[in-house]
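Residues per chain, in single letters:
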Amino acid sequence: MKKRGFYDAEEKTLIAEYERGEFKPVKDQKGAKQTAVQAARRYMRKDARINIRLSAADLEILKRYAVDEGLPYQSLIASVLHKYVSGSVVSRKK
């Protein structure tokens, strides 16, 4: 596997599991790929707009977090909302 400069904890875990041979191929790879592609398309589809009012201070903090993550701030907000509604929000300590 080609090395790159930075891996977060989740990436390191996945790499270690892969190198230990813990990943097993699925029987219907074509079907699994098609299912994954369809799920990605549904997730990436942006088909609704909202307007929201935030305090200037909160928006500034969101913009700083977005810069740290390398994302546009609107994408960060959409990601945070998606994680919240899917039940996978992790509290961020200051």
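Anyway, here's the lowdown on the structure attached to this text. (Residues numbered from 1 in each chain as written. Predicted model: local features only at pLDDT ≥ 70, side-chain atom pairs only at ≥ 80, totals over all residues. Heavy atoms only, no water.)

1. Focus on the overall build of the protein chain
Put simply, the test is: The helix and strand labels rest on DSSP assignments: H or I over at least four residues marks a helix, E over at least two residues marks a strand, and numbering proceeds from the N terminus. With C-alpha atoms as the basis for the radius of gyration, the globule rule is written as 2.2 Å multiplied by the number of residues raised to the power 0.38. By the counting scheme adopted, Arg and Lys are positive, Glu and Asp are negative, and His together with the chain ends is not counted. To locate a charge, take NZ of a lysine, CZ of an arginine, CG of an aspartate or CD of a glutamate.
Scanning the protein chain for helices and strands turns up four helices and zero strands. Radius of gyration (C-alpha) of the protein chain: 18 Å, far over the 12 Å computed for a compact globule of 94 residues. Each principal axis of the C-alpha distribution contributes one length, and for the protein chain these read about 50 × 30 × 25 Å. Of note, the protein chain has its 21 positive side-chain charges centred 4 Å away from the centre of its 12 negative side-chain charges.

2. Structural notes on the layout of surface pockets
Quick note on the threshold: For cavity detection a 1 Å grid was placed over the protein atoms alone, and a set of points counts as a cavity when a 1.4 Å probe fits there but cannot get out; an open set counts as a pocket when protein lies on both sides within 12 Å along at least five of seven lines, with lining residues being those that have an atom within 4 Å of a point. Grid points are joined across faces, edges and corners, and a volume is the space filled by probe spheres set on the points. Classification convention: Asp, Glu, Lys, Arg as charged; Ala, Val, Leu, Ile, Met, Phe, Trp, Tyr, Cys, Pro as nonpolar; all other residues, Gly among them, as polar.
Taken as a whole, the largest pocket holds about 790 Å³ of empty space. Broken down by element, the residue count for the lining of the largest pocket peaks at eight residues, all from helix H4 (residues 73-85). Class assignment of the residues belonging to the lining of the largest pocket gives a composition of 10 nonpolar, five polar and four charged.

3. A short note on helix H3 (residues 56-69)
Structurally, the α-helix is built with 3.6 residues per turn, so residues lying three or four positions apart point the same way. What counts is decided by this rule: In this analysis, the expected span of each helix is defined as 1.5 Å times one less than the number of residues it contains.
With 14 residues, H3 extends 20 Å from end C-alpha to end C-alpha; this agrees with the ideal 20 Å at 1.5 Å per step. Looking one or two residues past H3, Gly70 carries a phi angle of roughly 75°, positive in sign.

4. Some details on the packing of aromatic side chains
Our working rule: Two rings belonging to Phe, Tyr or Trp (six-membered ring only in the last case) form a pair when the distance between their centres is within 6.5 Å. Interplanar angles under 30 degrees mark stacking, angles over 60 mark edge-to-face geometry, and anything in between is tilted. Note on exposure labels: buried denotes an accessible area under 20% of the residue type's maximum, exposed denotes more than 50%, and partly exposed covers the range between, all computed with a 1.4 Å probe on protein chains only. Definition used: whenever NZ (Lys) or CZ (Arg) falls within 6 Å of the ring centre and also within 35 degrees of the ring normal, the charge is taken to sit over that ring.
Tallying each qualifying case throughout the model produces one aromatic pair. Relative to Phe23, the ring of Tyr18 lies with its centre 6.2 Å away and its plane at 45°, an arrangement referred to as tilted. A relative accessible area of 45% places Phe23 in the partly exposed class. In this structure, Lys63 packs its charged tip against the face of Tyr73, placed 4.9 Å from the ring centre.

5. Description of the environment of Ala56
Relative to the elements of secondary structure, Ala56 occurs in helix H3. By relative accessible area, which is 65% here, Ala56 ends up exposed. Sequence separation of Ala56 and Val37 is 19 residues, and the distance between their C-alpha atoms is 38 Å.

6. Notes on H4
Relative to the 18 Å expected for 13 residues at 1.5 Å per residue, H4 spans 19 Å between its end C-alpha atoms, a close match to the ideal helical length. At the C-terminal side of H4, Gly87 shows a positive phi close to 80°.

7. Observations concerning the pattern of salt bridges
The line we're drawing: Salt bridges are identified by distance alone: a Lys or Arg side-chain nitrogen within 4 Å of an Asp or Glu carboxyl oxygen.
Scanning the model with the defined rule gives two salt bridges in all. Residue Glu22 pairs with Arg20 through a salt bridge whose shortest N-O separation is 2.5 Å. Close ionic contact of Arg64 with Glu60 constitutes a salt bridge, the shortest N to O distance being 4.0 Å. With Arg64 and Glu60 both in helix H3 and four residues apart, the pair spans about one turn of that helix.

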